[in-house]
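Each chain, letter by letter, is given below.
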Amino acid sequence: MIAQHPERDQILLENVLSALGNPLRLRIVRALADGGEQSCGVILDGVSKSTLTHHWKVLRDSGVIWQRPSGRENLLSLRDADLESRFPGLLPSVLAATGPG
């Protein structure tokens, strides 16, 4: 079962910045930045499932991504509208400043 996602007004800047401060999570966000949902199994190669599961949880709990069950996998997407509403320009600025992952 997937834990509840935080409501838009519950997304805290310190949690978002902490989540984005990890290089692997930043790569995940960059991969999701093109828009749409992606299967959790196709975003990054060469990373163990348990490691990815941990990073999905951190991103989800901080309010950076949506995670939705679909069959045997989860579909992931960025909460870009929520992040833009809470912290205008933050995500594009972080992605631009950190360059291609």
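A few points about the overall build of the protein
- Counting its secondary structure elements, the protein contains 5 helices and 3 strands.
- Taken from the N to the C terminus, the helices and strands of the protein come in the order α-α-β-α-β-β-α-α.
- Here the C-alpha radius of gyration of the protein, 13 Å, is about what a compact globule of 101 residues would show, namely 13 Å.
- When its C-alpha atoms are laid out on the principal axes, the protein stretches across 35 × 30 × 20 Å.
- Here the protein holds 101 residues, and the buried ones make up 41% of them.
- A separation of at least 24 residues holds for 67% of the contacts in the protein among residues at least 6 apart in sequence.
- Counting every atom, the protein has about 5,800 Å² of accessible surface; 53% of that belongs to carbon and sulfur.

As for the pattern of salt bridges
- All chains considered together, the criterion is met by 5 salt bridges.
- Asp82 serves as the salt-bridge partner of Arg8, at 2.6 Å between the closest nitrogen and oxygen. Separated by 74 residues along the polypeptide, Arg8 in the segment before helix H1 (13-20) and Asp82 in helix H4 (residues 80-86) bring together distant segments of the chain.
- By relative accessible area, Asp82 is classed as buried at 10%.
- The partner of Arg60 in a salt bridge is Asp61, with the nearest N and O atoms 3.2 Å apart.
- With a relative accessible area of 7%, Arg60 lands in the buried category.

Description of the environment of Ser62
- Take Ser62: it is sitting in helix H3 (residues 49-62).
- For the pair Ser62 and Asn15, spaced 47 residues apart in the sequence, the C-alpha separation amounts to 5.2 Å.
- Setting aside anything within four residues of it in sequence, one finds Ser62 in contact with Pro6, Ile11, Asn15, Val16 and Ala19.

Rules and cut-offs
Residues numbered from 1 in each chain as written. Predicted model: local features only at pLDDT ≥ 70, side-chain atom pairs only at ≥ 80, totals over all residues. Heavy atoms only, no water. Helix = DSSP H or I, 4+ residues; strand = E, 2+ residues; numbered from the N terminus. Rg over C-alpha atoms; globule rule 2.2 N^0.38 Å. Buried < 20%, exposed > 50% of the residue type's maximum accessible area, 1.4 Å probe, protein only. Contact = heavy atoms within 4.5 Å. Areas by Shrake-Rupley, 256 points an atom, 1.4 Å probe, with all protein chains shown as cover. Salt bridge = Lys/Arg side-chain N within 4 Å of Asp/Glu carboxyl O.

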